[in-house]
Amino acid sequence: LDKVEASQDLAADMPFNPTKPAEYGDDSVIPHEGAHETPSMPVATASTTTENIGSRKVGDGLPSIGHNPLNCPLDRVRVDDSGRELTTNQGVKVSNNQDTLKIGLRGPSALEDFIFREKITHFDHERIPERVVHARGSAAHGYFESYGDLSPLTRAALFSKAGKRTPVFVRFSTVVGSRGSADTVRDVRGFATKFYTEEGIWDLVGNNIPVFFIQDAMKFPDLIHAVKPEPHHEMPQASSAHDTFYDFAGLSPEIFHMLMWVESDRAIPRSYRMMQGFGVHTFRLVNAMGEAHFVKFHWTPMAGTHSLVWDEAVKLAGADPDFHRRDLWEAIEAGYFPEYELGMQVFTEQQAASFGVFDVLDPTKLVPEDLVPVRPVGRMVLDRNPDNFFAETEQVAFCAAHVVPGIDFTNDPLLQGRIHSYIDTQLTRLAGPNFHEIPINSPVAQVHNNQRDGFHRQAIHRGRVAYEPNSLAGGCPFQAGARGFVTFPAHEAGDKVRGKPELFGEHYGQARLFWHSQSPAEQRHIVNAYRFELTRVQTPAVRERIVAGLVNVDPALAQAVAADLGIPVPPPLPRATELPIPHYPPSPSLSLLARPGTLGIKTRRIALLVADGVDGAQVRHLYASLLKDGAQPRIVGQKLGAVQTLEHCPLEIEITLETGPSVLYDAAVLPAGSAASNKLAQDPRALEFIRDQYRHGKALLALGSGIELLDTARIPRTLPDGGADPGLIVDGDPHDALAAFKAAVARHRVWARETDPPRV
Ligand code: HDE
């Protein structure tokens, strides 16, 4: 006690606590050696991962790879703290950032402590509301490059000549989940692109599915209230598999086309880099002569369209909830820039009228590609990760109303409602009308108008005139006339009514088209998805109503789902129109298999399972070869550290079976080395790893004693139909085997392995 009192007396007299010199005194203002690393500029390699590097832009504020000069306007607001002293928001240098100001070391804090108060006040207010939908997202910078001159169709500046580049910022998202929800849930994905054109911002705010749930904006709040977590207990998170969603769905049969897409593998993409994007609505292109065409926008990924499988998606949500975010980030950091081709389906109003069986203003309908082919018009490359998630990805404000001269709306009643909703939502989310001045939202085109004031105004307008017409400022800023946005003068006439055209009442023709255009594996997945979702629904009548709707789509589909739910097939849902269900010929482009892509094994994650006694020379050879071809190999072991190899040269483990489970990899290798194979054969996690690889249709390469490991894991050597399994490579010759393995990885999955329930 004496000692404590003595030290307290001592403390009272001294400015710093003498027993903790490291936290106080001069030491605290100088960064500790080792604790303060000079940020490096790592060279991107195929194995670059977020686990081992920071963004290469940290350090000098300028991106090296993928630098896009058109994005330079953001440079003026980039902040780099390297080598700088800490300051308050007022720029006053802060001497001590560890202790509040106190009256005596053990005394109360002083109200005067403006440094503490500024810091804590800012912290207290650092959250903003998440987006009411599409809260969970990831974004990247890049550019759009036009393939040619589209001026006969549109006067939009970004399409004015071949090779012209326009900066873009793209945000991918899920719809239902909160900001922190998992990436791999079953959901529509948002695909929103902000084009910073010289004539202003064009936002193409699309989804990865070409149609929508509802036909009229009036129903949007109901749809979202139904699909979001139920309001009494806020469950389930990021999932449509609950009663309220399917209750709404069964009573809104316009949903059935979109529902087919949402139950398909489109709703569980392998990667944001491997999914299509669609503008959904019919828009208008308008040329300089004022002539208009209808248009549907399509994004097609160069990496091909690939999906997860459901069991994998569920496990991934636990293994890495950031799976898609990480995948996008890592691909860009490694220099494999995601690329998409922009395509347009262009047709005239007369052509649209001739389609007859569907209305192009109905957003639950697509225009089949055999009626109007997709014409490629440019490519988009995403070559730079954001510097700051909040400043860019969170604060970006997309808006369906942001169009530029040459692009115009149609009367699609969903689009018309969106024109209002997006600006409106930003007023709350970004707190006021000046969100266009947030750097990520500001156009590269100049802004001149008489809008003034509001919270957080950045622009400093000069002069006394803030109105129009004026003479005191020489009439400036003056109207641009034909150089500005001129609304297409569509002729409109009609009674003021609430209702919809008769053709909007036909809900099943295109749902059937989608179903008949799917491969057998995709069809199986759709049935299984309905089974999963509807099994989670608790109310039998709600389940039955969905199956009754499916009877109108295809009786065989309804039969399969009903059998899985253990119910008889109900009578078909009453239809909203007497129009017959139109027949469309199957359209191969609606299958994910239609686009294998050109990426091969690049960016594919491949696990090499090792333990003590592994053939190290073989592992090193395989690793180097996969890396050279752009894959991301990982040495996966039972625990961190090195394993001893056959040649007594230690091999470092990169990740463990526990932290890097099977679902994180696109394929796996079981190298030779009997001691290693024996050891792994004793480890249930290794066997589970191999079984999951097999169950999820992934390529497996087993060499030497690795082949026995396959047997221990009870992996069937042949397909259920007795045929050879093209994804199971157990060839004796390592060279041929590696080539066959790479080919199998590039083919993505072996769907023919699937049985229900799974064999493994
Ligand atoms: Fe959206 N939607 N939406 N939506 N939407 C929003 O805007 C809305 C619709 C889409 O990454 C919100 O800034 C209405 C179709 C994407 O920031 C909100 C209707 C399509 C994103 C809104 C629709 C979309 C949003 C929420 C029916 C595909 C994310 C936060 C009339 C073509 C953009 C925000 C981002 C976001 C309203 C229907 C795509 C509330 C009223 C159809 C990709 O304004």
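Residues numbered from 1 in each chain as written. Predicted model: local features only at pLDDT ≥ 70, side-chain atom pairs only at ≥ 80, totals over all residues.

### Points about the overall build of the protein chain
And step 1. For the protein chain, the helix and strand inventory stands at 19 helices and 18 strands.
And step 2. Relative to the compact-globule value of 27 Å for 760 residues, the protein chain shows a C-alpha radius of gyration of 30 Å, a close match.
And step 3. Here the C-alpha coordinates of the protein chain stretch approximately 95 × 85 × 55 Å along the principal axes.
And step 4. By residue count, 42% of the 760 residues in the protein chain fall in the buried class. (Helix = DSSP H or I, 4+ residues; strand = E, 2+ residues; numbered from the N terminus. Rg over C-alpha atoms; globule rule 2.2 N^0.38 Å. Buried ≥ 20, exposed ≤ 12 C-beta atoms within 10 Å, placed from the backbone.)

### With respect to the site of the ligand
And step 1. Contacts to the ligand come from 25 residues, most closely from H134, G190, A217, V280 and S421.
And step 2. Breaking the shell around the ligand down by element, the ones donating at least two residues are strand 2 (165-174), strand 3 (189-197), strand 4 (200-207) and helix 10 (413-429).
And step 3. A breakdown of the residues in the shell around the ligand according to their chemical character gives 13 nonpolar, nine polar and three charged. (Near = placed C-beta within 6 Å. Nonpolar A, V, L, I, M, F, W, Y, C, P; charged D, E, K, R; others polar.)

### So, the sheet that holds strand 16 (residues 667-670)
Sheets are built from strands that pair by backbone hydrogen bonding, the pairs being arranged parallel or antiparallel.
And step 1. The parallel open sheet is built from six strands, whose spatial order is 15-12-11-16-17-18. Among the strands making up the open sheet, the edge pair consists of strand 15 (655-656) and strand 18 (728-729).
And step 2. Here two bridges tie strand 17 (residues 699-702) to strand 18, and the two strands are oriented parallel to one another. Bridging across to strand 18, L701 finds its partner in I729. (Pairing = 2+ DSSP bridges.)

### Thoughts on helix 17 (residues 684-695)
And step 1. Compared with an ideal rise of 1.5 Å per residue, which puts 12 residues at 16 Å, helix 17 spans 16 Å between its outermost C-alpha atoms and is within 8% of the ideal.
And step 2. Among the residues of helix 17, those classed as buried are A686, F689, I690, D692, Q693, Y694 and R695.
And step 3. The elements touched by buried residues of helix 17 are helix 6 (310-319), strand 11 (605-609), strand 16, helix 16 (674-681), strand 17 and helix 18 (706-712).
And step 4. Downstream of helix 17 by one or two residues, G697 has phi in the positive range, about 75°. (Expected span 1.5 Å × (residues − 1). Contact = placed C-beta atoms within 7 Å.)

### So, the UniProt feature "active site" (unreviewed entry) in the protein chain
And step 1. Here, UniProt's "active site" (unreviewed entry) annotation points to H134 and N207. Spanning 74 residues, the named residues form one tight spatial group whose C-alpha atoms are at most 10.5 Å apart.
And step 2. When the 23 C-beta atoms within 10 Å are taken as the criterion, H134 is described as buried.
And step 3. Residue contacts for H134: discarding those within four places in its chain leaves S173, V175 and G190.
And step 4. Looking at where N207 falls in the secondary structure, it is placed in strand 4.
And step 5. Residue class for N207 comes out buried when judged on the 24 C-beta atoms lying within 10 Å of it. (UniProt positions renumbered as here; feature names shortened; annotations may be inferred.)

### Some words on unusual backbone geometry
And step 1. Here the amide bond leading from E468 into P469 is cis, since omega sits at 5°, within 30 degrees of zero.
And step 2. With respect to the helices, strands and loops of the structure, P469 is situated in the loop between helix 10 and helix 11 (509-516).
And step 3. Geometrically, the link from D756 to P757 is a cis peptide bond, its omega value of 0° lying close to zero.
And step 4. You can see P757 is positioned in the segment after helix 19 (734-746).

### Considering the packing of helix 12 (residues 520-536) against helix 14 (residues 555-565)
And step 1. Here helix 12 crosses helix 14 at 45°, and the two axes come no closer than 9 Å. In this view, helix 12 runs oblique relative to helix 14, as classed from their interaxial angle. Both helix 12 and helix 14 take part in a crossing whose hand is right-handed. Here V527, Y530, R531, L534 and T535 of helix 12 come into contact with helix 14, specifically with L557, A560, V561, D564 and L565.
And step 2. Residues that form the contact of helix 12 with helix 14 fall into these classes: seven nonpolar, one polar and two charged. (Axes fitted to C-alpha atoms, helices over the stretch in contact; angles between N-to-C directions. Parallel < 35°, antiparallel > 145°, perpendicular 65-115°, else oblique. Left-handed = near helix turned anticlockwise from the far one by under 90°.)

### Examining the domain arrangement of the protein chain
And step 1. Per the domain assignment, the segments making up the protein chain are domain 1 (1-40), domain 2 (137-227 + 271-441) and domain 3 (605-753).
And step 2. Contacts between domain 2 and domain 3 engage nine residues on the former and eight residues on the latter.
And step 3. Classifying every residue of the side of domain 2 that touches domain 3 by side-chain character gives four nonpolar, one polar and four charged. (Domains from an automatic or database assignment.)

### Quick word on the environment of A607
And step 1. Locating A607 in the fold gives a position in strand 11.
And step 2. It is 50 Å that separates the C-alpha atoms of A607 and T100, two residues lying 507 residues apart in sequence.
And step 3. Setting aside chain neighbours within four positions, we find A607 in contact with R634, V636, G660, Y665 and A668.

### Concerning the UniProt feature "binding site: heme" (unreviewed entry) in the protein chain
And step 1. UniProt marks R131, R171, F220, R418, Y422 and R429 with the feature "binding site: heme" (unreviewed entry), using the numbering shown here.
And step 2. With respect to the helices and strands, R131 occurs in the loop between helix 2 (114-124) and strand 1 (137-146).
And step 3. Its 21 C-beta neighbours within 10 Å are what place R131 among the buried residues.
And step 4. With respect to the secondary-structure elements, Y422 resides in helix 10.
And step 5. Look past the residues within four positions of Y422 in its chain and what remains in contact with it is F398, C399, A400 and A401.

### Considerations on the environment of I419
And step 1. Secondary-structure assignment places I419 in helix 10.
And step 2. You can call I419 partly exposed: it has 15 C-beta atoms within 10 Å.
And step 3. Taking the C-alpha atoms as reference, I419 lies 34 Å from Q518; in sequence the two are 99 residues apart.
And step 4. When neighbours within four sequence positions are excluded, I419 is seen to be in contact with A400, A401 and F409.

### What about the packing of helix 4 (residues 243-250) against helix 13 (residues 540-553)?
And step 1. Interaxial distance between helix 4 and helix 13 falls to 9 Å at its minimum, and their mutual angle equals 40°. When the interaxial angle is binned, helix 4 and helix 13 end up oblique. The chirality of how helix 4 crosses helix 13 is left-handed. For the pair helix 4 and helix 13, the contacting residues are D243, Y246, D247, A249 and G250 in the first and V542, R545, I546 and G549 in the second.

### Concerning the nonpolar core
And step 1. With 118 residues, the main nonpolar core has V170, M258, M260, L550, V553, L557 and V561 as its most contacted residues.
And step 2. Residue contacts for V170: discarding those within four places in its chain leaves A139, A140, G142, A192, T193 and L382.
And step 3. Listed in part, the 46 residues of the second largest apolar core include A611, L622, I653 and V669. (Core = buried A, V, L, I, M, F, W, Y, C linked by C-beta atoms within 7 Å.)

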